[in-house]
Amino acid sequence: PARQRLPADARRADPDARATDLAAIAKGHLSYEMRTLWQQVKDPRLNYNAWDAHTSDSLLEAALVHLRVLDEFLTMPAARTGPNRPRDNVVAEHYTGTTLAGFLTSDPAGDDELGDINAQLSHLAVRRRGSRLWPVTDMACRCGKAMQQFVTAARPEFKPALSEVRIQAGRLAGLCGT
């Protein structure tokens with residue numbers, strides 16, 4: 001299905017967002033993120049190692065954007081305030097009542113996938129990696145497992161709207177060990 005443009009009030013969801021807005025976002029934007037990540041990992045035409053360096057980097061960074069968006073969806077609290085913390089983000093807490101564990105590692109003293117993704121996407125940084133060094137399939141697998149936990153934890157009124165997310169999470173989780 002095509003991406004849908006949500007009404008302005010649904011795009012500005014806050015911690016008290018209406019259930020109908022959240023259901024529309026789950027069916028639209030959240031399903032899109034999951035479906036697109038699946039396609040980027042499984043479609044051989046989008047395999048970033050099969051192209052020249054420029055195209056490979058573009059395809060890799062597209063997958064990394066979706067991974068970061070989904071990890072932040074799970075972990076970001078709904079009640080962020082301040083000029084650098086927008087309150088219009090829709091996050092897992094809106095659906096579950098609590099933040100959840102992310103799937104990207106975030107240990108500045110050790111394995112820091114989230115920091116590496118941010119360096120790759122947002123900064124001219126020494127720690128940028130070549131495209132062949134990224135464990136995208138493994139990260140997508142862990143994303144699928146984390147999103148399965150999210151769907152399980154979601155309040156009952158959101159379960160129907162999360163059906164596509166549940167399907168895509170299962171596909172991604174099925175990548176583990178492949």
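Each value, and the rule that gives it
- Residues numbered from 1 in each chain as written.
- Predicted model: local features only at pLDDT ≥ 70, side-chain atom pairs only at ≥ 80, totals over all residues.
- Heavy atoms only, no water.
- Helix = DSSP H or I, 4+ residues; strand = E, 2+ residues; numbered from the N terminus.
- Contact = heavy atoms within 4.5 Å.
- Disulfide = S-S within 2.5 Å.
- Buried < 20%, exposed > 50% of the residue type's maximum accessible area, 1.4 Å probe, protein only.
- Axes fitted to C-alpha atoms, helices over the stretch in contact; angles between N-to-C directions.
- Parallel < 35°, antiparallel > 145°, perpendicular 65-115°, else oblique.
- Left-handed = near helix turned anticlockwise from the far one by under 90°.
- Nonpolar A, V, L, I, M, F, W, Y, C, P; charged D, E, K, R; others polar.
- Core = buried A, V, L, I, M, F, W, Y, C linked by side-chain atoms within 4.5 Å.
- pLDDT = per-residue confidence, 0-100.
- Polar contact = N/O pair within 3.5 Å; in protein donor to acceptor, adjacent residues only side chain to side chain.

## Things to note about the environment of Glu61
Okay, so step 1: Mapped onto the secondary structure, Glu61 falls in helix H3 (residues 53-75).
Okay, so step 2: Spatially, the C-alpha atoms of Glu61 and Ile117 are 8.5 Å apart, while their sequence positions differ by 56 residues.
Okay, so step 3: When near neighbours in sequence (up to four residues on either side) are disregarded, Glu61 contacts Gln120 and Leu121.

## Brief notes about the environment of Arg35
Okay, so step 1: Turning to its location among the elements, Arg35 is positioned in helix H2 (residues 19-42).
Okay, so step 2: In this structure, the C-alpha to C-alpha distance between Arg35 and Leu172, residues 137 residues apart in sequence, is 9.5 Å.

## Topic: the state of the cysteines
Okay, so step 1: Overall, the coordinates contain 1 disulfide when judged by the stated rule.
Okay, so step 2: The partner cysteine of Cys141 in its disulfide is Cys176, sulfur to sulfur 1.4 Å. The sign of the S-S torsion, about 60°, decides the handedness of the disulfide formed by Cys141 and Cys176: right-handed. A residue pair is termed long-range when its members are at least 10 positions apart, and Cys141 in helix H6 (residues 136-153) and Cys176 in the segment after helix H7 (163-173) qualify at 35 residues.
Okay, so step 3: No disulfide involves Cys143; its sulfur sits 9.5 Å from that of Cys141, the nearest cysteine.
Okay, so step 4: Residue classification places Cys143 among the buried residues on the basis of a relative accessible area of 0%.

## Focus on the environment of Ala79
Okay, so step 1: Inspection of the secondary structure puts Ala79 in the loop between H3 and helix H4 (92-96).
Okay, so step 2: The class for Ala79 is exposed, based on a relative accessible area of 54%.
Okay, so step 3: Taking the C-alpha atoms as reference points, Ala79 and His94, 15 residues apart in sequence, are found 9.9 Å from one another.

## Looking at helix H5 (residues 113-122)
Okay, so step 1: Counting buried positions along H5 gives 7 out of 10 residues, so the element sits mostly inside the fold.
Okay, so step 2: Residues of H5 that are buried: Glu113, Leu114, Gly115, Asp116, Ile117, Ala119 and Gln120.
Okay, so step 3: Elements in contact with the buried residues of H5: H3 and H6.

## What about the packing of H2 against H7?
Okay, so step 1: At their nearest, the axes of H2 and H7 sit 9 Å apart, and the two run at 15° to each other. In terms of axis orientation, H2 runs roughly parallel to H7. Of the two elements, H2 crosses H7, and the hand of that crossing is left-handed. On H7, the residues that touch Ala26, Leu30, Ser31, Met34, Arg35, Leu37 and Trp38 of H2 are Glu164, Val165, Gln168, Ala169, Arg171 and Leu172.
Okay, so step 2: Considering only residue class, the contact of H2 with H7 consists of 8 nonpolar, 2 polar and 3 charged.

## Structural notes on the nonpolar core
For soluble globular proteins, nonpolar side chains are generally found buried alongside one another.
Okay, so step 1: If you look at the biggest cluster of nonpolar residues, it comprises 40 residues, and the most contacted ones within it are Tyr95, Met147, Phe150 and Leu162.
Okay, so step 2: Broken down by secondary-structure element, the contributors of at least two residues to this core are H2, H3, H4, H5, H6 and H7.
Okay, so step 3: Contact partners of Met147, with chain neighbours within four places excluded, come to Leu30, Met34, Leu70, Phe73, Leu74, Val165 and Ala169.

## Some points on the confidence of the model for the protein chain
Okay, so step 1: Per-residue confidence for the protein chain gives a mean pLDDT of 81, with 75% of residues at or over 70.
Okay, so step 2: Here residues 1-16 is modelled with pLDDT under 50, and outside its nearest four sequence neighbours on either side it reaches 28 contacts, counting other chains as well.

## Brief notes about the side chain of Asp112
Okay, so step 1: For Asp112, the position within the fold is in the loop between H4 and H5.
Okay, so step 2: Only 3.0 Å separates the side chain of Asp112 from the backbone nitrogen of Gly115, close enough to count as a polar contact.

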